[in-house]
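Secondary and tertiary structure notes
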Number of protein chains: 4
Amino acid sequence: MAQRNGRTELGSERVEAFSDAVFAVIITIMALELRAPRGHTLADVQRDLLPGLVVYVLSFTLVGIYWNNHHHLLRAAERINGAVMWTNLFLLFWLSLVPVLTEWLREEYEHPLPAATYGVVLLASGFAYRLLIRALIRANGRDSAVARAIGSDVKGNLSLVIYAAAIPLAFVSPWISYALYVVVALVWFVPDRRFVR
Amino acid sequence: MAQRNGRTELGSERVEAFSDAVFAVIITIMALELRAPRGHTLADVQRDLLPGLVVYVLSFTLVGIYWNNHHHLLRAAERINGAVMWTNLFLLFWLSLVPVLTEWLREEYEHPLPAATYGVVLLASGFAYRLLIRALIRANGRDSAVARAIGSDVKGNLSLVIYAAAIPLAFVSPWISYALYVVVALVWFVPDRRFVR
Amino acid sequence: MAQRNGRTELGSERVEAFSDAVFAVIITIMALELRAPRGHTLADVQRDLLPGLVVYVLSFTLVGIYWNNHHHLLRAAERINGAVMWTNLFLLFWLSLVPVLTEWLREEYEHPLPAATYGVVLLASGFAYRLLIRALIRANGRDSAVARAIGSDVKGNLSLVIYAAAIPLAFVSPWISYALYVVVALVWFVPDRRFVR
Amino acid sequence: MAQRNGRTELGSERVEAFSDAVFAVIITIMALELRAPRGHTLADVQRDLLPGLVVYVLSFTLVGIYWNNHHHLLRAAERINGAVMWTNLFLLFWLSLVPVLTEWLREEYEHPLPAATYGVVLLASGFAYRLLIRALIRANGRDSAVARAIGSDVKGNLSLVIYAAAIPLAFVSPWISYALYVVVALVWFVPDRRFVR
């Protein structure tokens with residue numbers, strides 16, 4: 001690990017730029033997967049566009065939250081290294097699966113498996129985000145601005161618990177899972193006060 | 001609100017970079033949705049490509065105007081905060097719906113509902129843009145360059161009024177709405193003299 | 001025009017960033033439109049992938065040339081204004097039509113109309129590029145680095161003449177047009193010696 | 001060649017930004033090509049999503065490795081010129097073919113030709129990456145940080161040898177090729193110690 005983290009460099013600009021581009025493409029690609037209604041009546045809109053639009057709003061919000069927190073996190077970081085780059089790519093990998101799951105949910109939102117799989121990807125994304133936080137703390141030191149800013153990370157732990165609960169509960173009813181995903185969105189929507197000072 | 005706006009940071013570069021990427025993808029994704037004519041005659045082009053191309057020109061122009069004004073707006077801003085980031089994402093959300101509406105209009109441009117829905121998304125985008133302006137003024141202060149530069153925002157108000165009129169008028173004739181969208185495009189096309197000095 | 005060009009600002013970074021993103025998406029979206037062969041034999045590759053791949057190489061090269069020259073041009077520029085931004089968007093508009101034409105050529109490359117239309121878009125792009133050059137000279141002044149660097153622009157004029165010839169000649173044989181597009185690519189491929197000093 | 005390399009400029013920011021955008025779009029476009037399962041059972045996921053997901057993980061990792069090494073390489077470079085820009089575009093061209101091959105492999109992974117073609121594109125990408133290294137050394141000088149950092153490039157040579165072996169071996173069994181691609185991924189996954197100091 002020492003070797004992989006060996007080279008530390010100042011400035012996170014290019015990691016931010018690359019991540020921003022991935023975030024931007026994920027968000028707009030989900031919009032591309034929205035289906036134009038076949039027809040021109042309100043019933044056509046309801047049948048073809050509405051379910052996809054509701055799922056899109058949820059996914060857009062969740063990805064937007066990640067972008068927002070990611071922005072705050074990397075802003076607070078002064079150094080990056082190989083471990084930061086790979087945990088960042090690992091996070092982007094999981095987030096890149098959100099569009100295909102959004103498409104799947106649009107068609108099959110009434111069934112447990114898609115609802116649970118959405119939770120698995122969100123749980124893995126949250127886990128990857130925590131790995132990224134750890135790598136950043138290791139690269140910047142325990143006394144760094146980023147380490148002090150994160151503190152105990154109650155929200156991060158809470159989200160992981162809720163996702164872990166939402167996955168099996170989807171097999172009771174997918175609507176329970178959707179409600180929990182919205183709860184996590186609301187929890188994170190309030191920006192991270194840890195960085196406020 | 002004070003809490004959400006609490007953390008203020010200097011520099012709007014990453015918000016600009018992310019927004020630019022979203023703008024860029026929106027514009028090029030609309031071009032992707034243009035259908036290559038099936039066939040090689042002028043009639044094939046007229047049937048398959050032309051309606052989509054005309055709608056694309058309108059949408060490209062409207063999104064291009066937003067990009068242009070957004071560029072001027074953030075250039076004038078010195079500080080951003082959480083409220084700026086979220087209102088900016090809110091704006092990008094509405095603009096991200098332009099491609100699917102462009103696709104819908106291409107197929108169903110003769111009907112009132114698609115023409116009116118296009119107006120709804122434009123009205124919501126204009127409204128989100130005004131929220132972004134407000135958030136920027138709040139973050140930068142009433143005496144800031146960005147606040148003085150915006151002034152009374154006659155154009156912004158005018159656009160909202162025209163969009164609000166275009167939505168019901170689509171049910172009289174969609175062509176009235178299209179004419180009004182072109183009028184707004186022309187109004188904004190002339191760059192914002194407020195920032196000129 | 002004086003009013004539209006009124007506000008001049010230093011630095012072309014964001015115009016470059018936005019343009020880069022559009023160039024990048026155009027290039028990768030064309031790759032997305034390549035069709036995976038249906039089947040696993042060499043004959044399947046020849047039938048499904050090869051024509052598209054050849055057209056893709058041409059379009060990739062032409063867009064890559066624009067990106068390269070655009071990079072040199074904006075690097076030499078010190079000031080931008082509204083006219084620069086709009087002529088730049090106008091250039092990107094025409095280039096954004098390259099993917100759909102690439103898709104069309106893939107299917108209908110043996111016919112005059114697609115070959116000629118490809119030339120129309122290239123001619124319009126070249127014309128837009130010249131408008132961008134003019135706007136940059138006007139913004140930076142006749143004695144600026146960018147103005148002196150461009151000089152008489154023999155290559156630009158030559159390209160426009162070749163495109164203008166390729167359009168009607170497509171109706172003699174599309175292969176004449178394709179040969180001429182390759183000639184222009186070769187002419188531009190040699191980077192611009194004007195900026196060398 | 002002297003002429004093409006004639007103009008040397010300081011700073012590789014825009015080449016990095018453009019490349020990052022291409023990398024980002026390639027990665028997210030591959031995710032877009034993942035097919036949402038038609039149905040909501042585990043069998044539907046296995047049939048529709050799983051093969052594509054496994055190939056996606058491989059392609060994501062390989063492109064991610066390129067992005068990572070590309071980042072280190074350009075960071076170490078102080079000067080770019082026309083040859084750097086064109087070899088960089090040449091690399092991006094080959095990498096832009098990864099998504100269509102990923103799509104092809106998803107459908108036809110049991111056959112030799114797709115497995116071998118994937119190797120051809122990876123070999124060409126590796127070759128292009130070596131051309132880029134050479135152009136960077138030529139632009140920065142044999143005593144530059146980038147030249148000393150690269151040294152003998154054992155890993156690069158090894159990868160090319162493995163790819164060159166994987167191509168014919170696909171006609172013995174495609175699974176040998178896949179195993180070799182994973183080996184190369186593992187070789188590169190360990191970040192480049194050459195840049196560590």
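Residues numbered from 1 in each chain as written. Chains lettered and ligands numbered in written order. Predicted model: local features only at pLDDT ≥ 70, side-chain atom pairs only at ≥ 80, totals over all residues. Heavy atoms only, no water.

**Some details on the relation of the copies chain D and chain A**
For these two chain copies, the linking operation is a rotation about an axis paired with a shift along it. With an axial shift of 0.0 Å and an RMSD of 0.0 Å, the rotation relating chain D to chain A amounts to 90°. The symmetry that links the two subunits is that of a four-fold axis. Using C-alpha coordinates, one finds that chain D approaches the rotation axis most closely at alanine 21 of chain D, a distance of 4.2 Å. (Least-squares fit on C-alpha atoms with pLDDT ≥ 70 in both.)

**Section: helix 4 (residues 98–108) of chain D**
Along helix 4 of chain D, nine of the 11 residues are buried, which leaves the element largely enclosed by surrounding structure. Every buried residue of helix 4 of chain D is accounted for by Val98, Pro99, Val100, Leu101, Thr102, Trp104, Leu105, Arg106 and Glu108 of chain D. (Buried < 20%, exposed > 50% of the residue type's maximum accessible area, 1.4 Å probe, protein only. Helix = DSSP H or I, 4+ residues; strand = E, 2+ residues; numbered from the N terminus.)

**Quick look at the pattern of salt bridges**
Residues and elements named next belong to chain A. Under the criterion given, the structure shown has 20 salt bridges over all chains. With its nearest N and O atoms 2.8 Å apart, the salt bridge here joins arginine 47 to aspartate 48. One connected set of salt bridges, linked through shared partners, spans Arg38, Asp44, Arg47 and Asp48. (Salt bridge = Lys/Arg side-chain N within 4 Å of Asp/Glu carboxyl O.)

**Details of the interface of chain D and chain A**
At the interface, 42 residues of chain D touch 34 residues of chain A. Taken over both partners, the interface formed by chain D and chain A buries close to 3300 Å², and the fraction arising from carbon and sulfur atoms is 71%. At the junction of chain D and chain A, the tally comes to zero salt bridges. Along the contact surface separating chain D from chain A lie five residue pairs in polar contact (both at pLDDT 80 or more). (Contact = heavy atoms within 4.5 Å. Buried area = accessible area lost by both parts, 1.4 Å probe. Polar contact = N/O pair within 3.5 Å; in protein donor to acceptor, adjacent residues only side chain to side chain.)

**Here we look at the side chain of arginine 106 of chain D**
All names here are of chain D. Here arginine 106 lies in helix 4. Take arginine 106: its relative accessible area is 12%, and that puts it in the buried class. Only 3.0 Å separates the side chain of arginine 106 from the side chain of glutamate 107, close enough to count as a polar contact. Setting aside anything within four residues of it in sequence, one finds arginine 106 in contact with Glu33, Leu34, Arg35, Pro51, Gly52 and Val55.

**Notes on the packing of aromatic side chains**
Across all of its chains, the model carries 48 aromatic pairs over all chains by this definition. Seen from their ring centres, tyrosine 56 of chain C and phenylalanine 93 of chain D are 5.6 Å apart, and the 20° between their planes marks the pair as stacked. Residue tyrosine 56 of chain C is located in helix 2 (residues 42–76), and its partner phenylalanine 93 of chain D is located in helix 3 (residues 82–95); the two belong to separate chains. Assessed through its relative accessible area of 10%, phenylalanine 93 of chain D is described here as buried. For the ring pair tyrosine 66 of chain D and tyrosine 129 of chain D, a centre distance of 5.7 Å and an interplane angle of 70° mean the geometry is edge-to-face. Taken together, the residues span a long stretch of sequence, with tyrosine 66 of chain D in helix 2 (residues 42–76) and tyrosine 129 of chain D in helix 5 (residues 112–140) at a distance of 63 residues. (Phe/Tyr/Trp six-rings, centres within 6.5 Å; stacked < 30°, edge-to-face > 60°.)

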